[in-house]
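Residue strings, one per chain:
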Amino acid sequence: MSTLVDEVVTKSETASVKYTAKDFQTDQDVRWCPGCGDYSILAQVQRIIPDFNFPREKTVFVSGIGCSSRFPYYMETYGVHGIHGRATTIASGLKMTRPELQVWVVTGDGDGLSIGGNHLIHLIRRNLDINILLFNNQIYGLTKGQYSPTSEFGKVTKSTPQGSIDNPFNPVTLALGSSGTFVARTMDRDPKHMQTVIKRGVQHRGTSFIEIYQNCNVFNDGAFFHFTEKESKDENSVILEHGKPLIFGKAKDKGVRLDGFTPKVVSLTDGKYSANDLLIHNENDSTLAFILGNMSYNPELPRPFGIFLDTAEHCYEDEMQKQIDLAIQKKGKGNLEKLLNGGDTWFIN
Amino acid sequence: MEKIEKKLKEVTIRFAGDSGDGMQITGTQFTNTTAMMGNDLSTFPDYPAEIRAPQGTLFGVSGFQIHFGSAEINTPGDNCDVLVAMNAAALKVNLRGLIPGGAIIANTDGFNDKNLKLAKYATNPLKDDSLSSYKVYQTDITKLTTLALLDMNLSNKIVERTKNFFALGMMYWMYNRSIDQSIKWVQNKFKSKPEIVEANIRVLKAGWNFAETTEIFTVKYTVEPASLPKGKYRNITGNSATAIGLVAAAEKANLNLFLGTYPITPASDILHELSMYKEFNVRTFQAEDEIAAITSTIGASFGGSLAVTTTSGPGIALKTEAIGLAVMVELPLIIINVQRGGPSTGLPTKTEQADLLQAVYGRNGEAPVPVVAASTPGDCFYTVFEAARIALKYMTPVFCLTDGYLANGSEPWVIPDANSLPDISTKFRKDPNNYLPYLRNAETLAREWAIPGTPGLEHRIGGLEKEDKTGNINYEPENHEKMVHLRAEKIERIANDIPLAKPEGDASGDLLVLGWGGTYGAIRTAVSTHRKNGMSVSHLHLRHLNPFPKNLGEVLYNFKKILIPEINLGQLSKLIRAKYLVPALSYNKVQGLPFTARELEIKIESILSGDLK
Ligand code: SF4
């Protein structure tokens, strides 16, 4: 690193003071609609971030455009509110050049999967150590209610009066297909779960991709109520826990069993199957992660929440640094005089 | 046999063959040897967009022209004196550039029936009378190469790939050049393949010896070293000068260099070269697309790197929105556009200057960006260095324009002394007291650079309109107007900080030829020819195109007429006419080719004689 950067930045990996959530709040008025799921996500991030005891000045939030992308303005850290779809690339350039920073990307289903879809998959495959929070509300909020790449087929919106004819993306399988090393799903209505998942994402070395179901109460109210409301969530969702069988239902009376590669719902009360017959979750198994990811849009199956995959792979920024170190080791530190005088030279006297 | 020796002041040679014939290597080898012999020179590689165009076709012809001499050389030569044609297509495509009475060195093996058909020759031009006004030297280069390598049992492919060195050997003999330089190059290049080294050296020598002994060649020419300014020299292409200029700027600014880019002709060589300079802490990132390329540099700049993106016109089109963001967040950034023929994909391997207005204006909203342009291959070094200086001092993205002609062309270059390069170091804000992200320097209006990692300076920046000083989002009408003016004023003030315009020649007169970019050499040659003949004509070449030098208006008003030659339909003309209300004359050429000096001489002549009437 050059001396000029060295002159100003903190070397320490740990904060000199004990932070509280308040230390991460800014003086800006939060401008989301009352009741928006974004509030919960902001609150959970501000609640858990002091736990890392990581210097606030080395934390950076980067966003694109959309409701979710207002996020950095509300975090008392460094932040960039970029342009539509490009938070991932701005964050990549920052992380490549300043690997010691903790870099977050806050994006949405429009920003991250539509206009920024290309960059998202490339960031994930490069596996830079960046935490991506993708707020999925299955609608365009900021532009006032058009369908998004995660809106369900047939969705009637302002721009699709006869229903959407697009097949939606499944963000989890998209991330897995992009060679994701940490892929998870959580929801705005379950603060505890969200906190656990985000914490794990931050601890993961490499890109952590976290899809967060987020209710847009203005343009797509109740899109996820099935999975998030007390009355229905237990029957329709299953929480993934490493090393544990997939059991769900209010009475914990159902489970998911693998029939070959096909997950099937079985009853735990009719005497045919017990917990021992069920699929045991393994976060480190990428094949299993795909099977679980593909459960998402099958109405017969409960929707999985939690960490689908957590595996170790080399990070782009580490490899970049290694090549620089190797070059310096081989050739010595760059010498400008030598560079200018490179190649064949001659004198005119 | 006895050979006659003649002295020449200057000569232009064009090597032409199939794109697989190694003409670029041959040309580069001849160039490097010639540079080392102390000649002034200028080169023009001219190759097809197809990587391996079908053999023998007209569109697959690759050419390399070198103009060298004992006097000052500013252009790669309007026409060539000697044409080396490896096949019929090469002859067909390049004959129109050969001077009447010029020499053709033809590889007869490249003129078989198949080649003639592909080149659309009804009869063999080497056998009919069509070339009677030229000196034609016929040699079966392929056969002689094969013979030279007979006992080595090499594959046909290797033999075929070596024949360019036979041609090179002949030309070295003809122009009295040493073959040692090229021998060293081969030994180094093919270190791990001794039989390739052996084959190339043998063939090179065979070419030289053949020319020496054969009765075909009777004259041997000497071109004395030029009286160039004193100094230590190397030969340099524009892209190479750009790459090392960036490294130099980062060193002098005490910053790490970050290049975010996407491969595109003719800019990719800058990426290739910078990716070899990792020991300078240079980070190169080949992004997934042009947009990722530039936005990654915005991230790197936010983090405190000297950030650069390199591309060509189509890439700039994609980067436009991000450039606007860089204007808005006021972060330093260098955007290099190696211009090529457009619009759209256009002419990827040909040159043009048609992206000037795109650089000056091509963004949504009022988004001023400083623009500098290089005038010669070696000048790319200083221009990109200047771009870095402006970017850092004024906290702004800066456009640096070069073009395909400069990027691939080369010239002898006086190596600058690293210590004498100006210090362009900047400062990061450190003091947390009273920090506001958009506090400005009273003189430059630049905001401060505060990078993540600095305690107490946590702040947010973004593309939404903001209040000055605090950077808080603000949509109020008066605030927006104020910010638009502030951002414009900041860029305008750069004019206080750049050299005044000073024409070459007299400060007033009948005609000023005003140019920018790669037309420098041709304009300089044409203007000096006329000046020698006593004409009242001067030349002004602009490096700074936004803002213009402060005194540009006065300089223009001192001339009766102004001529602006450009490889576009008159983009600088538009800017000059609009700003200074002068009836500047446009002279335009859009063929994907540079101006020849002769074209400009004729134009200048017609204007000046019109003036006298
Ligand atoms: S439009 Fe929807 S997503 Fe946006 S702030 Fe309002 S409720 Fe939230």
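Rules of the game
Residues numbered from 1 in each chain as written. Chains lettered and ligands numbered in written order. Predicted model: local features only at pLDDT ≥ 70, side-chain atom pairs only at ≥ 80, totals over all residues. Heavy atoms only, no water. Contact = heavy atoms within 4.5 Å. Buried area = accessible area lost by both parts, 1.4 Å probe. Salt bridge = Lys/Arg side-chain N within 4 Å of Asp/Glu carboxyl O. Domains from an automatic or database assignment. Helix = DSSP H or I, 4+ residues; strand = E, 2+ residues; numbered from the N terminus. Near = heavy atom within 4 Å. Nonpolar A, V, L, I, M, F, W, Y, C, P; charged D, E, K, R; others polar. Pairing = 2+ DSSP bridges. Axes fitted to C-alpha atoms, helices over the stretch in contact; angles between N-to-C directions. Parallel < 35°, antiparallel > 145°, perpendicular 65-115°, else oblique. Left-handed = near helix turned anticlockwise from the far one by under 90°. Core = buried A, V, L, I, M, F, W, Y, C linked by side-chain atoms within 4.5 Å. Buried < 20%, exposed > 50% of the residue type's maximum accessible area, 1.4 Å probe, protein only. Expected span 1.5 Å × (residues − 1).

Tallying the contact residues gives 66 residues for chain A and 80 residues for chain B. Summed over both sides, the interface of chain A with chain B buries roughly 6300 Å², with 60% coming from carbon and sulfur. Interface area lost by chain A to chain B is led by A:Tyr78, A:Leu340 and A:Trp346, which between them contribute 14%. Linking chain A with chain B are four salt bridges, by the criterion used here. Salt-bridge contacts for A:Arg126 lead to B:Glu288; the nearest nitrogen and oxygen are separated by 2.8 Å.

What follows deals with the domain arrangement of chain A. Residues and elements named next belong to chain A. Structurally, chain A comprises domain 1 (4-239 + 282-321) and domain 2 (245-280). For domain 1 versus domain 2, the separation of C-alpha centres amounts to 30 Å. Across the boundary between the two partners, domain 1 contributes 13 residues, which contact 14 residues of domain 2. Summing both sides of the interface, domain 1 and domain 2 together bury roughly 1100 Å²; the carbon and sulfur share of this comes to 69%.

Right, let's talk about unusual backbone geometry for a bit. Going from B:Gly342 to B:Pro343, the amide bond is cis rather than trans, its omega being 0 degrees. Checked against the element boundaries, B:Pro343 lands in the loop between strand E13 (333-339) and helix H12 (356-361). Positive phi, normally seen in glycine, also occurs at A:Asn53, with a value near 55 degrees. Looking at the element boundaries, A:Asn53 is found in the loop between helix H2 (38-48) and strand E1 (59-63).

Around the ligand, the structure places A:Trp32, A:Cys33, A:Cys36, A:Cys67, A:Asn137, A:Gly141, A:Gln214, A:Cys216, A:Asn217, A:Val218 and A:Phe219. A per-class count over the shell around the ligand returns seven nonpolar, four polar and no charged.

In any sheet, the strands associate via hydrogen bonds between backbone groups, in a parallel or an antiparallel arrangement. Residue and element names in this part refer to chain B. The strand order across the open sheet formed by six strands is E3-E4-E2-E5-E6-E7, and the pairing between neighbours is mixed. One side of each edge strand has no neighbouring strand; the edge strands of this open sheet are strand E3 (40-46) and strand E7 (135-139). In this sheet, adjacent strand axes meet at a mean angle of 15 degrees when their direction is disregarded. Each of strand E2 (10-18), E3 and strand E4 (61-69) touches helix H1 (residues 23-36); the most contacted strand, E4, lies at about 10 degrees to it. Helix-sheet contacts for helix H5 (residues 156-174) involve E2, strand E5 (80-85), strand E6 (98-107) and E7, and the interaxial angle to E6 is about 135 degrees.

Residues and elements named next belong to chain B. Where H1 meets helix H6 (residues 180-189), the axes come as close as 9 Å, and the angle between the chain directions of the two elements is 125 degrees. Classified by the interaxial angle, the pair formed by H1 and H6 is oblique. Both H1 and H6 take part in a crossing whose hand is right-handed. Each of Ile25, Gln29, Thr33 and Met36 in H1 lies in contact with H6, whose residues at this interface are Gln181, Ser182 and Trp185.

Before going further, it helps to spend a moment on the domain arrangement of chain B. How big an interface is tends to be stated in terms of accessible area lost as the parts join. Residues and elements named next belong to chain B. Here the domain parsing of chain B yields domain 1 (4-222), domain 2 (234-420) and domain 3 (509-608). Between the C-alpha centres of domain 1 and domain 3 the distance comes to 36 Å. Taken together, the contact between domain 1 and domain 3 spans six residues of the former and nine residues of the latter. For the domain 1 and domain 3 pair, buried surface summed over both sides reaches about 600 Å², with 54% attributable to carbon and sulfur atoms. A salt bridge links arginine 524 to glutamate 72, with the shortest nitrogen-to-oxygen separation between them at 2.7 Å.

In this structure, B:Leu274, B:Leu572 and B:Ile576 are the most contacted members of the largest nonpolar core, which totals 159 residues. The leading source of residues in this core is helix H13 (residues 379-394) of chain B, at ten residues. Excluding residues within four positions of it along the chain, B:Ile576 makes contact with B:Leu514, B:Phe548, B:Leu552, B:Leu556, B:Ile564, B:Leu581, B:Val582 and B:Ala584. Counting 52 residues, the second largest nonpolar core, distinct from the first, contains A:Trp346, B:Phe15, B:Ile105 and B:Tyr172.

On to the sheet that holds strand E12 (residues 306-311) of chain B, then. Residues and elements named next belong to chain B. Read across the open sheet, the seven strands follow the order E11-E10-E12-E13-E15-E14-E20; overall the sheet is mixed. Strand pairing shows two members of the sheet lacking a second neighbour, strand E11 (283-286) and strand E20 (544-546), which therefore form its edges. Averaged over all adjacent pairs, the angle separating strand axes in this sheet is 20 degrees, with direction ignored. For E12 and E13, the ladder comprises four bridges, and the chain directions are parallel. When the bridges of E13 are listed, threonine 309 appears paired with isoleucine 335.

Take H1(B) next. Owing to its 3.6 residues per turn, the α-helix brings residues three or four apart onto one side. All names here are of chain B. The first and last C-alpha atoms of H1 sit 20 Å apart over 14 residues, in line with the 20 Å expected at 1.5 Å per residue. Along H1, the positions that sit buried rather than exposed are Met23, Thr26, Gly27, Gln29, Phe30, Thr31, Thr33, Thr34 and Ala35. Glycine 38 sits one or two residues past H1 and shows a positive phi near 90 degrees.

This part takes up the pattern of salt bridges. Residue and element names in this part refer to chain B. Summed over all chains, the structure comprises 42 salt bridges over all chains. Arginine 543 serves as the salt-bridge partner of aspartate 379, at 2.5 Å between the closest nitrogen and oxygen. Linking aspartate 379 in helix H13 with arginine 543 in the loop between strand E19 (537-542) and E20, this pair joins segments that are 164 residues apart in sequence. For arginine 543, a relative accessible area of 28% translates into the label partly exposed.

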